Every structure is written in C-alpha cells, then in structure tokens.
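Below, each chain spelled out in residue letters.
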Amino acid sequence: QVRLVQSGGGLVQSGGSLNISCVTLGDPNGLDSADWYWYRRTPGKDRKLVAKFSSDGRTYYADSVKGRFTISRDRAERTVWLQMDSLKPEDTAVYLCLGAQTWGTEYWGQGAQVTVSS
C-alpha cells in the first residue's frame, strides 16, 4: 500500500525555522510522475495550498509564504521537503503533504503540527 510518511514539525519561536519531510513508501518508483504539494490546515479554516513542486520541476508558492518557504524534492530519496524560514505565528497549522498523479489519484501524508509562538 502506498503511503506518505511525514516527519518534522514542532514548536518554534517567531522568526525560527523548521524543515518537514514527506517520504513515499510502498511504491517502487516513489510516485515519480506525481505533482507534490504542501497544504496547511487550521481549525475552522479551509485547507490552503502553500507550495507545489510539479513533476517537471516547476514550483509555486502562496503569496503568504513566498520568500520564506522552499519546497524541494529528491527523487532518489523519494522525499519531498518543505523548508520553512522566518516563521510567523500565522504559519501555525497542520501541514500535509500530497502526492497527486496526473490522472487524479492522491496520496496524503498524516500531517505534522507546526506551532509558531510569538
């Protein structure tokens, strides 16, 4: 069974940094053809896209995180990362990775709590 396992997250002070990762298990190709996303979810709010790494290497960032967050991927390691710098309290959320194949199949990580204190 394909599953995405996330690591990282935690509590940091405003201005600090965190790196969270998403490893693909159960697929021999590591979902090579997938587009990769990081979403975040806060209580009472809809899930929001924060970053995307397309299978062709293109990246996208939400305006709220542009210049502070970096999405990256290592195909050999079957891992996607989100490096978060200059964190703000409003970045507090559960962060979820998503591998989405072009034909629509989606795989979600279990989520990682990121809490940024003032």
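Look above for the structure.
Computed from a predicted structure; not experimentally measured. (Residues numbered from 1 in each chain as written. Predicted model: local features only at pLDDT ≥ 70, side-chain atom pairs only at ≥ 80, totals over all residues. Heavy atoms only, no water.)

Enquirer: An account of the nonpolar core is requested, with residue identities and associated values reported.
Expert: W36, W38, I71, L82, M84 and Y95 are the most contacted members of the largest nonpolar core, which totals 27 residues. Going through the elements one at a time, β3 (18-25), β4 (35-41), β5 (48-53), β7 (69-74), β8 (79-84), β9 (93-100) and β11 (112-117) are the ones with two or more residues in this core. (Core = buried A, V, L, I, M, F, W, Y, C linked by side-chain atoms within 4.5 Å. Buried < 20%, exposed > 50% of the residue type's maximum accessible area, 1.4 Å probe, protein only. Helix = DSSP H or I, 4+ residues; strand = E, 2+ residues; numbered from the N terminus.)

Enquirer: Report on the state of the cysteines, specifying residues and quantitative values.
Expert: Enumeration over the complete set of coordinates arrives at 1 disulfide. What pairs with C22 in a disulfide is C97, and their sulfur atoms sit 1.9 Å apart. Its S-S torsion of about 55 degrees marks the bond between C22 and C97 as right-handed, since a negative value means left-handed. With C22 in strand β3 and C97 in strand β9, the pair connects residues that are 75 residues apart, well separated along the chain. (Disulfide = S-S within 2.5 Å.)

Enquirer: Just give me the short version of unusual backbone geometry, but keep the residues and values in it.
Expert: It is generally the case that most residues other than glycine have a negative phi and that most peptide bonds are trans. Residues other than glycine seldom take positive phi values, yet R78 does so here, at roughly 55 degrees. Relative to the assigned elements, R78 resides in the loop between β7 and β8. A positive phi angle is found at S86, which is not glycine, with a value near 50 degrees. Given a relative accessible area of 40%, S86 falls into the partly exposed group.

Enquirer: Residue-level account of the pattern of salt bridges, with values.
Expert: Enumeration according to the criterion identifies 5 salt bridges in this entry. Notably, a salt bridge pairs R73 with D32, separated by 3.7 Å at the nearest N-O pair. Placement of R73 in strand β7 and of D32 in the loop between β3 and β4 is noted, with a sequence separation of 41 residues between them. On the accessibility criterion, R73 (16% relative accessible area) is buried. On the basis of relative accessible area, D32 is assigned to the partly exposed category, the value being 31%. The salt bridge involving D56 is made with R58; its shortest N-O contact spans 2.7 Å. A single burial state applies to D56 and to R58, both of which are exposed. The network of salt bridges with common partners includes R40, R68 and D91. (Salt bridge = Lys/Arg side-chain N within 4 Å of Asp/Glu carboxyl O.)

Enquirer: So what's going on with the environment of Y60? Residues and values would help.
Expert: Position of Y60 among the secondary structure elements: in strand β6 (residues 59-61). On the accessibility criterion, Y60 (43% relative accessible area) is partly exposed. Sequence-wise, Y60 and Y37 are 23 residues apart; in three dimensions their C-alpha atoms are separated by 9.1 Å. Residue contacts for Y60: discarding those within four places in its chain leaves L49, V50, A51 and K52. (Contact = heavy atoms within 4.5 Å.)

Enquirer: Give me the lowdown on the packing of aromatic side chains, citing residues and values where you can.
Expert: Under the criterion given, the structure shown has 3 aromatic pairs. With a centroid separation of 5.5 Å and 50 degrees between ring planes, the pair formed by Y39 and W108 is classed as tilted. Residue Y39 is found in strand β4, and its partner W108 is found in strand β10 (residues 106-108); the two are separated by 69 residues along the sequence. Classification of W108 by relative accessible area gives partly exposed; the value is 29%. Where F69 meets Y95, the ring centres are 6.4 Å apart and the plane angle is 55 degrees; that geometry is what we call tilted. Taken together, the positions of F69 in strand β7 and Y95 in strand β9 put the pair 26 residues apart, joining distant regions of the chain. Of the residues examined, F69 reaches a relative accessible area of 3% and is grouped as buried. Of the residues examined, Y95 reaches a relative accessible area of 0% and is grouped as buried. Through successive ring pairs, a cluster of aromatic residues spans Y37, Y39 and W108. (Phe/Tyr/Trp six-rings, centres within 6.5 Å; stacked < 30°, edge-to-face > 60°.)

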